[in-house]
Amino acid sequence: MRLRLGMIGGGQGAFIGAVHRIAARMDDQYELVCGAFSSDPAKSKASGLLLNLPDNRIYNSWQELIEKEKQLPENERVQVISIVTPNHVHFAPAKEALENGFHVILDKPATFSLQEAKDLQQVIEQTGNLFCLTHTYTGYPMVKEARQIVLSGKLGKIRKVYVEYPQGWLSKFEEGTDNKQASWRTDPTKSGIAGAMGDIGTHAFNLCEYVSGLQIEKLCADINIMVQGRQLDDDGAVLLKFSNGASGILVATQVAAGEENNVKIRVYGEKGGLEWQQADANTLKVMLLDKPVEIWRTGGGYTSSFAQQNTRTPAGHPEGYLEAFANLYKNFAFTIKAGLEGKKPEKEWLDFPGIEEGVRGMAFIENVIASGKSEKKWTDFTI
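For clarity, every value in this text was computed on a predicted model and none was experimentally measured. (Residues numbered from 1 in each chain as written. Predicted model: local features only at pLDDT ≥ 70, side-chain atom pairs only at ≥ 80, totals over all residues. Heavy atoms only, no water.)

**Student:** Teacher, can you tell me more about the sheet that holds strand β11 (residues 272–277) here?
**Tutor:** Strand pairs in the sheet, formed through backbone hydrogen bonds, run parallel or antiparallel to each other. Strands sit in the order β13-β12-β11-β10-β6-β9-β8-β7-β14 across an open sheet of 9 strands; the sheet is mixed. Edge positions in the sheet fall to β13 (294–297) and β14 (379–380), since each has one partner strand and no second. Summarising the sheet, strand β7 (residues 216–224) and strand β8 (residues 235–242) pair through 8 bridges and their orientation is antiparallel. Along β8, the bridge assignment pairs I223 with G236. (Pairing = 2+ DSSP bridges. Helix = DSSP H or I, 4+ residues; strand = E, 2+ residues; numbered from the N terminus.)

**Student:** I keep staring at the nonpolar core and nothing clicks. Help me out?
**Tutor:** One recurring pattern in soluble globular proteins is that nonpolar side chains are buried together. Within the largest apolar cluster, 77 residues are counted, with the highest numbers of intra-cluster contacts made by V211, L250 and W276. Setting aside its immediate chain neighbours within four residues, W276 contacts Y140, M142, V143, L207, V263, K264, I265, A281, T283 and L284. (Core = buried A, V, L, I, M, F, W, Y, C linked by side-chain atoms within 4.5 Å. Buried < 20%, exposed > 50% of the residue type's maximum accessible area, 1.4 Å probe, protein only. Contact = heavy atoms within 4.5 Å.)

**Student:** Can you help me understand the packing of helix α6 (residues 141–152) against helix α9 (residues 196–212) in this one?
**Tutor:** For any two helices packed against each other, one specifies the inter-axial angle together with the distance between the axes. Two elements in contact, α6 and α9, have axes whose closest approach is 7 Å; the angle formed by their N-to-C orientations is 45°. The angle between the axes of α6 and α9 places the two elements in the oblique class. Here V143, K144, A146, R147 and V150 of α6 lie close against α9, whose contacting residues are L207, E209, Y210, V211 and S212. Its residues placed into classes, the contact of α6 with α9 shows 6 nonpolar, 1 polar and 3 charged. (Axes fitted to C-alpha atoms, helices over the stretch in contact; angles between N-to-C directions. Parallel < 35°, antiparallel > 145°, perpendicular 65-115°, else oblique. Nonpolar A, V, L, I, M, F, W, Y, C, P; charged D, E, K, R; others polar.)

**Student:** Even after reading the chapter, I still don't get the side chain of T311, so can you show me in this structure?
**Tutor:** Take T311: it is sitting in the loop between α10 (305–309) and α11 (321–340). Under the relative-accessibility criterion, T311 is labelled buried at 19%. Here the side chain of T311 touches A307 through a polar contact of 2.7 Å, landing on its backbone oxygen. Ignoring anything within four residues of it in the chain, the contact list for T311 reads P141, T298, G299 and E319. (Polar contact = N/O pair within 3.5 Å; in protein donor to acceptor, adjacent residues only side chain to side chain.)

**Student:** Explanation requested: the sheet that holds strand β3 (residues 80–83) in the structure shown.
**Tutor:** Taken in spatial order, the 5 strands make up an open sheet running β2-β1-β3-β4-β5, and their pairing is parallel. The open sheet has two free edges, formed respectively by β2 (30–36) and β5 (131–134), since each of these has just one partner strand. Averaged over all neighbouring strand pairs, the angle between strand axes comes to 20°, with direction disregarded. Sheet contacts for helix α1 (residues 15–26): β1 (3–8), β2, β3, β4 (103–107) and β5; angle to β1, the most-contacted strand, approximately 175°.

**Student:** I keep staring at helix α2 (residues 41–50) and nothing clicks. Help me out?
**Tutor:** Along an α-helix, residues three or four apart share an orientation, since each turn contains 3.6 residues. Among the residues of α2, those classed as buried are S44, S47 and G48. In an axial view of α2, the angular spread of the buried residues amounts to 100°, which keeps them on one side of the axis. Residues A42 and L50 are exposed on α2 and point more than 90 degrees away from its buried face. Measuring from the backbone nitrogen of A42 back to the side-chain oxygen at the start of α2 gives 3.0 Å, which picks out D40 as the cap. Where α2 ends, the next residue or the one after it, N52, has phi of about 65°, a positive value. (Arc of directions from axis to C-beta.)

Next comes the structure, spelled out in structure tokens:
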């Protein structure tokens, strides 16, 4: 049985919408049945027709989608709504969808502000409907393996975490051109109070908490605008203190000229460390005291059930960004279906980001920007 999927946003020219649709199709767990793909009705219609949707399931607005879909018979109406709009159009459609009985997949960051994320958390708790936040990089098999290694105690007590996300695509004033992605991501009325720290810093933050199994309690941020005329940060570095006393460094920049998307994490404990980077996503480097460096690979029989659940091909066959994205969709689908069948989901299926990660991600944004403006050296991580 395929889950009936609807999409809000993600029309023609929207990069992330196509990624979500590929991810949904990869494991044959969803069927796209409706959409409101743009705030421009004509563009929404054109986008829906290109996706082979029937005319009567292509809507002029997200409000119309929710209103008309809930009137359809239960065996026809959409079950899961994927929201892939700019940040300022996250909270309202997610809230309405949940309150009208639909499960929600939402692109990160969760909302426009921390307060909206808290409000959305209340809605999720009140409705009991399921929610997935697409922090893509936690979907990689070897990122899941890294987390399991840390949680197993193999590295001992964690002492140090380094995470970085360098991009170079905003090294010039791209928002001054017809670059739609640059335009909204650097606009505080659409993106929120943060630029790079909201767009990719939240990914780095989520990755370091996910892999380390720890939570950040204090931070000290240096936030910069490097490109003249830009309204939001395009570069930053953050010193971190974790719940167990470990320290860390987070770097997120969109002005590292020549860089692409090589997000990277290193975690070190008393007994050893590990390293993973997206440029070689099938490889996890494990470094233990007094032993040679070990190279762990996706698809190896020695990997955990969490890594194996998210691996599709035999060892040596590359799986990348689209597959990692699809793992979030797949695990979310399995969890929904378990509920429909009155069964308890497997623990591996439940391993996808949810509203707790969304709230902490929004708190990261607000704390980092506040710290960057403050003269105080260290600030508490508050929610």
